[in-house]
Amino acid sequence: MALDGPNDTTMSRRAMKAELLDAETELRLAYAWRDERDEEALHRLINAYMRLAISMASKFRRYGAPMNDLIQEAGLGLMKAADKFDPDRGVRFSTYAVWWIKASIQDYVMRNWSMVRTGSTSSQKSLFFNLRRVQARLEREAMARGEELDRHQMRQAISSEVGVPLRDVEMMEGRLSGSDFSLNVTQSVEDEGREWIDTIEDEGTQAAEIVENTHDTAALRKWLVEAMAALNERERFIVRERKLRDAPRTLESLGAELRLSKERVRQLEAAAFAKMRKTLESQSREVHEFLA
């Protein structure tokens, strides 16, 4: 079944007309796809359970996503399930597919709920999809006991019920309480069309800072070249391998290559650094102050 083009009504009608598979046929199709990569068998398996995907997608309409998009995501989850299903495990394909369909829909809903990602951990997903329901149930139970929970007590109760930290409950409440706010909205009539984005400080590197950093980098590179020139070949090799590589080598590996003990390599390294420092300090007052 194609997942693009037809609207949700058309896809629903097609799904309802699809064949119902018995356990034996389902198993045969699953083996045909897994062992022979039989695409016709895969399509039959997916088409037969598209009604399941659509049914699950309809349960997420309350989150404001277009039904057509939810069905598309449910279909993608169904395809992943069909591709990964192992018929040797002794479970029905529908039981296995439910997890993949639900995960695909939930990921889509959370990605599109807000431009700022709502959450990605298992606890955040649990909160996103259960917070309102759990809160409503706790409120009913409190009323039945003649109690009234304040906001802090409610958050603590939700935290305990869902099994997540209190700070996660507070964060998710804030994210679910409102929609995205455009920074291009005019602040007020009096501000002569000034937008909120104009009030945000530019955190990028400023021109003066770029020039200063470029100068400092060039000076440090020049000092390093001069200091390395004062070392003998073995000392330069040790300094390069120990300090100038993306993945510095160990004293042991250098010792094995140079046929020296680990302690002797450490001594040569320390002597090389002392020689470099002495060379640098003799260059200029600026270098001496930098190293002080």
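Up top you'll find the structure we're talking about.
As a starting point, this report considers the structure included with it.

1. Here we look at the pattern of salt bridges
Applying the stated criterion across every chain, the model contains 17 salt bridges. When the shortest N-O distance is used, the salt bridge between Glu226 and Lys222 registers 2.8 Å. Of this pair, Glu226 and Lys222 both sit in helix H10 (residues 207–229), 4 residues apart, which is roughly one turn of the helix. Judged by relative accessible area, which is 24%, Glu226 ranks as partly exposed.

2. Points about helix H3 (residues 39–48)
Along H3, the residues that are buried comprise Ala41, Leu42, Leu45, Ile46 and Ala48. Within H3, the buried residues cover an arc of 165° as seen down the axis, which keeps them to one side. In H3, those exposed residues whose orientation departs by more than 90 degrees from the buried face are Glu39 and Glu40. Where H3 begins, the capping side chain belongs to Asp38, and its oxygen is found 3.0 Å from the backbone nitrogen of Glu40.

3. Re the side chain of Thr279
Relative to the elements of secondary structure, Thr279 occurs in helix H13 (residues 262–281). Excluding residues within four positions of it along the chain, Thr279 makes contact with Glu226, Ala227 and Ala230.

Conventions used here
- Residues numbered from 1 in each chain as written.
- Predicted model: local features only at pLDDT ≥ 70, side-chain atom pairs only at ≥ 80, totals over all residues.
- Heavy atoms only, no water.
- Salt bridge = Lys/Arg side-chain N within 4 Å of Asp/Glu carboxyl O.
- Helix = DSSP H or I, 4+ residues; strand = E, 2+ residues; numbered from the N terminus.
- Buried < 20%, exposed > 50% of the residue type's maximum accessible area, 1.4 Å probe, protein only.
- Arc of directions from axis to C-beta.
- Polar contact = N/O pair within 3.5 Å; in protein donor to acceptor, adjacent residues only side chain to side chain.
- Contact = heavy atoms within 4.5 Å.

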